[in-house]
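# Commentary on secondary and tertiary structure
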Amino acid sequence: MQEYSELFDFSPVPMWVYDIRDLSILAANKAACKDYGYTAEEFTSLTVEVLWPEEDKAKMLSVTAERISKTVTDQLIVRHITRSGKILEVEITSQPYKAWHDNARVIMALDVTDKLHAIRAAKLVGEFDMLERNILALNSKDDTSTRQVLTTYLAGIESLFPQLACCVMRVKNNKIYHWASASLPLNIINEFDNVEINEHAGSCGTAAYLKEKVIVTNVITDARWEQYKEVAVNAGYLSCWSYPLIGSDQQVMATFAIYNRKTGGPSELEQMIIARATGLLTILLEVRLYAEMLEETHKLMGQGQELAQFGNWSWDIVDNLVSWSDTLYDIYGIKRSAFEANFEGYLKMLHPADRGRVTEIIYGVMQSRNDVEFEERIIRPGGELRYLSSWATLKCDEEGRPVKMIGACLDISDWKKHERQLQKSNDRYEYISKASKDAVFDVDLTEDHISWGDGFLRVFGYNVGERKFSLQEWAQLVHPDDGAYISADLQRALNDRKRMSWTREYRLKHLDGYYLQVEATGYILRNKKGTATQMIGVVRDITERYETARALAASEKRYSDLFHMSPLPMWVYDIDTYRFLDVNKAAVKVYGYTKEEFLSMTIMGIRPKEDIKVVTGHLKNNIRPGRYYSSMARHLKKNGEIMLVNANGNSISYNDRPARMIVVVDITEKVRAREALEKSERRFKQLIQEGSDLIAILSEEGKLKYVSPTAERILGVDVEELIGQEGISFIHTNDIYEVKRGFAQLEYFKRVELAPFRIFNSRQQVLWMETIITDMRDDETVGGIIINARDVTQRVLSEWQNKEMLERYNIVAKATSDTIWDCNLQNNEVNWNHGIKNMFGYEHPAGTFSWWQEHVHPDDLKKITDLVEAKKQSGEERWSSEYRFRCADGSYKFVFDRGFLLFDSSGRPVRMIGAMQDITERMNYIREMEENNKKLMDIAWTQAHLVRGPLSRILGISDLLRSGDNDPETSARLLEYLTMSAEELDKIVKTIIEKGE
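Source: prediction; values computed, not measured.

The rules behind each value
- Residues numbered from 1 in each chain as written.
- Predicted model: local features only at pLDDT ≥ 70, side-chain atom pairs only at ≥ 80, totals over all residues.
- Heavy atoms only, no water.
- Helix = DSSP H or I, 4+ residues; strand = E, 2+ residues; numbered from the N terminus.
- Contact = heavy atoms within 4.5 Å.
- Areas by Shrake-Rupley, 256 points an atom, 1.4 Å probe, with all protein chains shown as cover.
- Axes fitted to C-alpha atoms, helices over the stretch in contact; angles between N-to-C directions.
- Parallel < 35°, antiparallel > 145°, perpendicular 65-115°, else oblique.
- Nonpolar A, V, L, I, M, F, W, Y, C, P; charged D, E, K, R; others polar.
- Pairing = 2+ DSSP bridges.
- Salt bridge = Lys/Arg side-chain N within 4 Å of Asp/Glu carboxyl O.
- Buried < 20%, exposed > 50% of the residue type's maximum accessible area, 1.4 Å probe, protein only.
- Phe/Tyr/Trp six-rings, centres within 6.5 Å; stacked < 30°, edge-to-face > 60°.
- Core = buried A, V, L, I, M, F, W, Y, C linked by side-chain atoms within 4.5 Å.
- pLDDT = per-residue confidence, 0-100.
- Patch = residues over 30% accessible without salt bridge, like charges linked within 9 Å, V, L, I, M, F, W, Y side chains within 5 Å.
- Lys, Arg positive; Asp, Glu negative; His and termini not counted.
- Charge placed at Lys NZ, Arg CZ, Asp CG, Glu CD.

### Description of the overall build of the protein chain
A tally of regular secondary structure across the protein chain gives 32 helices and 36 strands. Contacts spanning at least 24 positions in sequence make up 46% of the contacts within the protein chain whose residues lie at least 6 apart. On the protein chain, roughly 58000 Å² of surface is accessible, and the fraction owed to carbon and sulfur atoms is 53%.

See below:
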């Protein structure tokens, strides 16, 4: 029984026994404790339901009941949950265990999580490859829109990962816009549409701003989701990962976002799929955006020519063919079919007075080969006269002969009209300047000179006279806070060929040093190229009007700033009827009611029913006009959620009605956080008090400021006695130097892990300690170096024993006739001694673990590899097994293999050494013995059954013959029967002899 108990307890496979009546766990082995995180005592206080995820419990109860009813061995794959919350997929073997009692069953749980994950991952990658091929095929179709390609791709990704929802947000003008999604709720899409990118704009807005991926593992706690977390949580999404799609110009085109219904970051498989998806999306979008840009550019060129009344032309000199753009036909006011498309037809469209001059200019270009710019007049079919500014360039062939002339025409008729009007305006300018209270100005942009009217002296006190007054001098009079913007804005207006005027308000300095608020309006004059050459206008003193408007705006804005834009919920209610009169946006957002719903309610509508009686009494007794009052209360949201708030109120007059304004501060999370902090502190103190590690804080001078109670168990010294002692006083003299060297590393690193060193306890016993030191001297709450030390004496002694065993192995390897092997588990290299040649005939075996696997008999391979893997997982050092190994001549030998595993300080297997013993003769002998035993069994059966029949008859007939009461006939018959039985017995004896031979 003791052997079976050890097999159960030390099995590398998790096992437990439970009672089928109440599902209580009766026993659990060490592997179960290790894999599931419970102690053996804790297991026996639980039921098997604790191992089932909450969402699987109903199914598992049904499955368990069904399997129990069969009372037979059963196998199936289920999900289990460990104490830490980790989900395992395990292959369960269940069978009755009547050795315990009639209602007991034993369970063996083999972890197949990695195996199943690998299978699923391979399948998913294959499906993703197919999805990408389909998307590329869809993208190649001319009639497929970008949104259709994106939506199809995102839907395909979501079909592979049902727990995820994807979307692509376009980035334009520093804002994000919804581009495509497959299943993302509309309220989330609307929440982020048209949002400006910044460091706190959710995942997508932040990723676009930073140009790097943003992994938000919990939208509730992440500051970047503070403004948006409610809409995400209400939709059931708790985490969001966003990746910027950056084009070849290093600009963010879009963001690829993945929403998850669980907290946490992407898994390794999800990261791989996301990386591929991000790459493909970047290529698809860059190609499509470039095509859109080309199409837009082509359209804009056509529109630009039309808007600017700018057309181009070409003249094939050899064939005398003239070609015009569509805009040029519009300028001439004729249809294409009505134009005689040659040089003579063009001359007919000119004003008769210009035909000779233009002809000389054109032929002059053919002689000089120089480009030319000239003005010409045309007469449209209706008789309208238009002015054109034209350009011409000559093209010659390889021999220098003119072959083609190209050019362009700009309709400047409106400019000519403005010039005439300007001439009239100039005549009135002097009179207006003298009569106006405003400061009239005339800016000559080519000469950088401003001419001021008399108003400049009257309003601002400056007597400019005839001296030069530059734009720079004017800019120096502009208020410093306005100067950069006003100068840049004016320059943009002058550079924009379409702008004919400019108006702005700014502050201009008076001669006496104070500033006046002014409004400047200027009319821009341009030459035929569109370049601004002059600006005429006035500067008007609007200080009085500005101050009045500002005072009024400040008065009106005061309520809006304090109320509507407050981040805290606020409302105004009627002091008599308790009805809401106004609410701000924060109240609408926090409580879930629309503003219209609020205004149809009383303040009792946001209080729990059980609180209304108390609230009514509170309002009657404590609320008075002109009295400020603050209280803590429970408020009810529209969704039924109750929150704890601090409500602060004061009396105001609202539209001539007595009312109160309330400001609410939600303290629910604060109260919860305080409770959680208190709980965390209690848990931390308990961890420190009861933990197995020794925690201490060392002062700047190297003295102990704090020591955890564990020190009393490890060192055997009362904690109070340790405070103030030198930290190195317990360290072995030979180790002090290395420890000090480790502490010196804190000058460069925040955290240092020291190699194990020796200390003395109060009984002068030597203990080995593994220690991590953390520099927290700059932390006010700690003010020292934290020491976290663990007793590793047993591990160090074990490592020494392993080292001695290795040395003995090396000696044995040289002396034994067995095949000794040494496997490095980190790179799977294997070294063999001379036994591999003497025993199996291999001169130069490959030094790899896979070579050994290839030579193990296929029927034995799984058994031996599973055994070794189980030992690695359980941390057991020794294993042994019998199996067949192929020789160089192709035959197999039976071997008895014994292995020894070596583990590093973290418990990982790093090396395995063993010896293979040839047991072929022993196995053949055992097989021969088994065959002989079988023959003996046959003989024994023959003796026990076949011999018994005829022998019984002989004995019976002998008794009858001895009686003497038989007549002659009966005696003869008995003798005949006796002879037949004797012959039958003789045959049986011969058969036995043959089998024995």
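### Section: the packing of helix α5 (residues 113-139) against helix α6 (residues 146-160)
Where α5 meets α6, the axes come as close as 10 Å, and the angle between the chain directions of the two elements is 170°. With respect to each other, α5 and α6 are oriented roughly antiparallel. In contact with L124, E127, F128, L131, E132, I135, L138 and N139 of α5, α6 contributes Q148, V149, T152, Y153, G156, I157 and L160. Here the residues of the contact of α5 with α6 sort into nine nonpolar, four polar and two charged.

### A word on the sheet that holds strand β19 (residues 501-509)
With antiparallel pairing, the five strands of this open sheet are ordered in space as β18-β17-β21-β20-β19. The outermost strands of the open sheet, each flanked by one partner alone, are β18 (449-452) and β19. Within this sheet the neighbouring strands show an average axis-to-axis angle of 25°, counted without direction. In terms of strand pairing, strand β17 (residues 439-444) meets strand β21 (residues 532-541) through six bridges, oriented antiparallel. The partner of D444 across the bridge, within β21, is Q534.

### Focus: the pattern of salt bridges
Enumeration according to the criterion identifies 48 salt bridges in this entry. Between D354 and R377 there is a salt bridge; the shortest N-O distance is 3.0 Å. Pair noted here: D354 is in helix α13 (residues 352-368) and R377 is in strand β14 (residues 372-379), with a separation of 23 residues, a long-range link. Residue classification places R377 among the partly exposed positions, given a relative accessible area of 24%. Between R634 and D611 there is a salt bridge; the shortest N-O distance is 3.1 Å. With a gap of 23 residues between them, R634 in strand β24 (residues 629-636) and D611 in the loop between α20 (595-599) and α21 (612-622) connect regions that are remote in the sequence. Using a relative accessible area of 15% as the deciding quantity, one classes D611 as buried. Via salt bridges that share partners, D438, E505, E519, R540 and R545 belong to a single interconnected network.

### Looking at the packing of aromatic side chains
Considering all chains together, one arrives at 33 aromatic pairs under this definition. Plain terms: the ring middles of F192 and W225 are 5.2 Å apart, the flat faces sit at 70° to each other, and that makes the pair edge-to-face. Of this pair, F192 sits in helix α7 (residues 186-192) while W225 sits in the loop between β9 (214-216) and α9 (229-234), placing them 33 residues apart in sequence. Under the relative-accessibility criterion, F192 is labelled buried at 4%. Their ring planes at 80° and their centres at 5.9 Å tell us that F456 and F469 sit as a pair that is edge-to-face. Here the residue F456 occupies a position in helix α15 (residues 455-460), and F469 occupies one in the loop between α15 and α16 (471-477), the gap between them amounting to 13 residues. Through successive ring pairs, a cluster of aromatic residues spans F441, W452, F456, F460, Y462 and F469.

### Remarks on the sheet that holds strand β23 (residues 580-583)
Within the open sheet, the five strands sit side by side as β23-β22-β26-β25-β24. Their pairing is antiparallel. Lying at the two open borders of the sheet, with one neighbouring strand each, are β23 and β24. Strand after strand, the sheet turns through a mean of 30° between neighbouring axes, direction not considered. For strand β22 (residues 570-574) and strand β26 (residues 657-666), the ladder comprises five bridges, and the chain directions are antiparallel. From the neighbouring strand, V572 faces β26, where its bridge partner is M661.

### Notes on the side chain of T282
Inspection of the secondary structure assignment puts T282 in helix α10 (residues 268-308). Once residues within four sequence positions are removed from consideration, T282 is found in contact with L245, I246 and M253.

### Points about the side chain of K637
Note that K637 resides in the loop between β24 and β25 (642-654). Taking the relative accessible area as the measure of exposure, K637 reaches 14% and is therefore buried. Ignoring anything within four residues of it in the chain, the contact list for K637 reads V590, Y591, Y593 and M643.

### Some details on the pairing of strand β30 (residues 766-776)
Counting buried positions over the eleven residues of β30 gives eight, a clear majority of the element. Strand direction decides the pairing type here: strand β29 (residues 751-760) and β30, joined by eight bridges, are antiparallel. Note that in β30 the partner of R751 across the bridge is T774. Adjacent in sequence and paired antiparallel, β29 and β30 are bridged by five residues, among which Q764 carries a positive phi angle near 65°. Of the strand pairs in this sheet, β30 and strand β31 (residues 784-791) are connected by eight bridges, and their pairing is antiparallel. Within the sheet, the bridge partner assigned to E770 lies in β31 and is R790.

### Some details on the pairing of strand β11 (residues 252-260)
For β11, the tally of buried residues reaches nine of nine residues, placing the bulk of the element in the interior. Across eight bridges, the pairing between strand β10 (residues 239-246) and β11 is antiparallel. Bridge pairing in β11 places I246 opposite V252. Linking β10 back to β11 in an antiparallel pair, the connection comprises five residues, with Q250 at a positive phi of about 65°.

### A closer look at the nonpolar core
In terms of nonpolar packing, the biggest core is built from 32 residues, with F128, Y153, I157, V168, F256, I258 and L285 touching the most fellow members. Counting residues per element, the ones that place at least two in this core are α5, α6, β6 (164-172), β7 (175-181), β10, β11 and α10. At eight residues, the largest contribution of residues to this core is made by α10.

### As for the environment of I524
Secondary-structure assignment places I524 in strand β20 (residues 515-526). Take I524: its relative accessible area is 0%, and that puts it in the buried class. For the pair I524 and R499, spaced 25 residues apart in sequence, the C-alpha separation works out to 7.4 Å. Residues within four places of I524 in sequence aside, it is in contact with A493, L494, R499, M500, S501, A532, Q534 and M535.

### A few points about the confidence of the model for the protein chain
Chain-level statistics for the protein chain give a pLDDT mean of 84 and a share of 88% at 70 or above. Note that residues 303-307 has pLDDT below 50 and, in this model, seven contacts with residues that lie over four places away or in other chains.

### Focus: a negative patch on the surface
A cluster of like negative charges, contributed by E712, D718, E720 and E721, occupies part of the molecular surface. For E721, the location among the structural elements is in helix α24 (residues 719-722). Judged by relative accessible area, which is 52%, E721 ranks as exposed.

### Topic: unusual backbone geometry
Even without being a glycine, N174 presents a positive backbone phi close to 65°. Here N174 is to be found in the loop between β6 and β7. Not every positive phi belongs to a glycine, and Q250 is a case in point at roughly 65°. Topologically, Q250 is positioned in the loop between β10 and β11.

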